[in-house]
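Structure at a glance
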Amino acid sequence: MERVLDAVAHADGLIAVTPIFNASYSGLFKSFVDVLPKESLVDKPVLIAATGGTARHSLALEHAMRPLFAHLRAVVVPTAVFAAPEDWGGGATAQGSLAARIERAAAEFAVEIERREPPVVVDPFNEPTPFSELLGGSS
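One finds Phe29, Leu41, Val46, Ile48, Leu61, Met65 and Phe69 to be the most contacted residues of the largest nonpolar core, which totals 25 residues. Looking at this core, the elements that each hand over two or more residues are helix H1 (2–10), strand S1 (14–21), helix H2 (27–34), strand S3 (45–51) and helix H3 (60–71). A total of 6 residues in this core trace back to one element, the largest contributor, which is H3. Setting aside its immediate chain neighbours within four residues, Leu61 contacts Ile48, Ala49, Ala50, Arg66, Pro67, Ala80, Val81 and Phe82. The next biggest cluster of nonpolar side chains, apart from the first, holds 8 residues, and it includes Leu47, Val81, Leu98 and Ala105.

According to the stated counting rule, one finds 2 aromatic pairs in the structure shown. Look at Tyr25 and Phe29: their rings are 5.9 Å apart centre to centre, the planes differ by 40°, and that puts the pair in the tilted class. According to the relative accessible area criterion, Tyr25 is buried, its value standing at 18%. Ring plane angle 70° and centroid distance 6.3 Å describe the contact between Phe29 and Phe69, whose orientation is recorded as edge-to-face. Of this pair, Phe29 sits in helix H2 while Phe69 sits in helix H3, and the two are 40 residues apart along the sequence. What makes Phe29 buried here is its relative accessible area of 12%. Pairwise contacts between aromatic rings join Tyr25, Phe29 and Phe69 into one cluster.

Thresholds, definitions, all that
- Residues numbered from 1 in each chain as written.
- Predicted model: local features only at pLDDT ≥ 70, side-chain atom pairs only at ≥ 80, totals over all residues.
- Heavy atoms only, no water.
- Core = buried A, V, L, I, M, F, W, Y, C linked by side-chain atoms within 4.5 Å.
- Buried < 20%, exposed > 50% of the residue type's maximum accessible area, 1.4 Å probe, protein only.
- Helix = DSSP H or I, 4+ residues; strand = E, 2+ residues; numbered from the N terminus.
- Contact = heavy atoms within 4.5 Å.
- Phe/Tyr/Trp six-rings, centres within 6.5 Å; stacked < 30°, edge-to-face > 60°.

Put into structure tokens, the structure is as follows:
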């Protein structure tokens, strides 16, 4: 589990997807979010997405998922992606609409990731304190 939490904490961005259950994210999804280190999502780009049994469940992205990640101080991209059964079984028009939403959200996500500075990794062994200073002497 620690390896997974570290992967999330050190990721450039996060794509968070859940099935919708009772007009909100699933309990398993929330349980995972609850064990993330407190500051791991601060200023991290997040693309939110969900699947549900009906298009009416798409509002769960805005009233449940977006506030959850806003509370964690993540940067949630404007376009969320929701896929309902009609997106898969509705023919080429429906699938094209889903593909367009995915492409738009992915482009926004890529812009957010690209605009961030790469993390600065400080190596504490790069410039060690001279041994004479550690003993209290002057160099």
